[in-house]
Amino acid sequence: MAVVAQTPAITVPKGAIPFLVVGDWGRQGEHGQRDVATVMGRVAEAIDAAVVVSVGDNFYPNGVASVRDPQWQSSFENIYTAHSLHVPWIVAAGNHDYHGSVQAQIDYSAVSRRWYMPGRYFDTTLVEEHDGDTVSVLLLVIDTNPFQTGYRNLGTQQYTDVDRQDTAAQRRMIDSVLRRSKATWKVVIGHHPMYAGGKRKGKTQDMIRAFHRSFTELGVHAYIAGHEHDLQHHDDGSGVHYVVSGAGSEVRPVGPMEHTKFAKSVSGFATMVASSTQLHLHFVDMYGTLLYSTVIGRR
């Protein structure tokens with residue numbers, strides 16, 4: 001039975017930059033993916049979303065094999081069909097994407113006019129000007145997979161070429177981009193969360209060791225991840241807000257932990273609206289219900 005969805009009321013000030021965030025979605029329309037996509041289309045139209053951010057695990061269970069893999073149609077092109085979703089998709093790689101060819105997902109950027117993944121890690125900046133006021137959002141996409149100790153130990157047995165990725169080079173790029181960026185908002189996008197109240201609770205030490213200090217010291221406002229199949233918001237007082245938007249299809253149980261502001265196991269996605277003074281975070285479920293809203297301020 002199809003879900004009868006509503007469209008939540010999300011305010012977008014003039015001159016602001018709105019965008020959607022979804023993760024862990026590629027299940028050929030099943031497990032709520034198609035219903036989430038329907039609501040995403042309605043919200044994207046209502047707020048005039050500039051881009052859609054995907055935080056990884058774009059295709060289950062084993063990524064894609066090539067740019068001609070049938071899953072491009074069955075899990076992406078034929079699911080996110082709304083005109084409002086034909087905007088750039090800023091894409092990160094997840095662990096399931098490493099079960100297949102990450103390079104094929106990079107190469108699909110030359111096939112699709114909306115799929116934007118020029119590398120395993122990259123950055124782009126959104127800019128909006130209105131009445132002499134300029135708002136800019138740095139979107140820094142990182143590849144968190146090679147920083148996971150367990151993945152590197154398994155190597156090509158399960159994670160194709162993850163053990164050949166140069167984490168030192170990626171660290172230098174991340175630090176360089178964050179240092180030089182003058183964007184109003186610095187948003188980092190990766191697959192693995194810094195904090196997790198679900199299946200990976202207490203198992204995010206690799207992320208904390210790799211990135212917590214640099215994100216704090218280099219002025220990151222929000223780090224957005226997936227991997228946990230749910231919606232979460234954590235604020236540890238460091239100035240960086242940690243968001244999980246990994247509920248694009250199948251969900252798993254989740255609960256609160258230290259620093260948790262919100263956690264819910266329901267299929268859905270996040271919406272972010274960046275103005276000159278505030279970064280608004282909203283969680284929306286597959287029924288179009290506005291579950292949670294909060295404001296992230298300037299640092």
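Residues numbered from 1 in each chain as written. Predicted model: local features only at pLDDT ≥ 70, side-chain atom pairs only at ≥ 80, totals over all residues. Heavy atoms only, no water.

Draft legend 1. Highlighting the layout of surface pockets. As a volume, the largest pocket reaches approximately 290 Å³. Around the largest pocket, the lining is made up of 19 residues, and of these Tyr151, His192, Arg200, Lys203 and His227 lie nearest the centre. Sorting the residues of the lining of the largest pocket by element identifies helix H4 (149–154) and helix H6 (205–217) as the ones contributing at least two each. Looking at side-chain class alone, the lining of the largest pocket contains five nonpolar, eight polar and six charged residues. Within this model, the second largest pocket holds a volume of roughly 160 Å³. Around the second largest pocket, the lining residues are Val12, Ala16, Ile17, Pro18, Ile47, Asp48, Ala49, Ala50, Leu126, Val127 and Glu128. When contributions to the lining of the second largest pocket are tallied by element, the ones reaching two or more residues are strand E1 (17–22) and strand E5 (122–130). At three residues, E5 tops the list of elements feeding residues into the lining of the second largest pocket. Of the residues in the lining of the second largest pocket, the class split is nine nonpolar, no polar and two charged. (1 Å grid on protein atoms, 1.4 Å probe; cavity = no way out; pocket = protein on both sides within 12 Å on 5 of 7 lines; lining within 4 Å. Points joined across faces, edges and corners; volume = space filled by probe spheres on them. Helix = DSSP H or I, 4+ residues; strand = E, 2+ residues; numbered from the N terminus. Nonpolar A, V, L, I, M, F, W, Y, C, P; charged D, E, K, R; others polar.)

Draft legend 2. Local environment of the nonpolar core. The biggest cluster of nonpolar side chains holds 71 residues, and the ones touching the most others in it are Leu20, Met40 and Leu139. Per-element tally for this core: the top contributor is helix H1 (residues 33–47), with seven residues. Counting 22 residues, the second-largest nonpolar core is a separate cluster that includes Leu138, Val177, Tyr223 and Ala225. (Core = buried A, V, L, I, M, F, W, Y, C linked by side-chain atoms within 4.5 Å. Buried < 20%, exposed > 50% of the residue type's maximum accessible area, 1.4 Å probe, protein only.)

Draft legend 3. The arrangement of unusual backbone geometry in detail. With an omega of -5 degrees, the peptide bond between Tyr60 and Pro61 qualifies as cis. Structurally, Pro61 is set in the loop between strand E2 (51–54) and helix H2 (71–77). Even without being a glycine, His31 presents a positive backbone phi close to 55 degrees. In this fold, His31 is placed in the loop between E1 and H1. With a phi close to 80 degrees, His259 is a non-glycine residue in the positive phi region. Note that His259 resides in the loop between strand E10 (241–245) and strand E11 (260–264).

Draft legend 4. Representation of the side chain of Ser238. Mapping Ser238 onto the fold places it in the loop between strand E9 (231–235) and E10. Here the side chain of Ser238 touches Asp236 through a polar contact of 2.6 Å, side chain to side chain. (Polar contact = N/O pair within 3.5 Å; in protein donor to acceptor, adjacent residues only side chain to side chain.)

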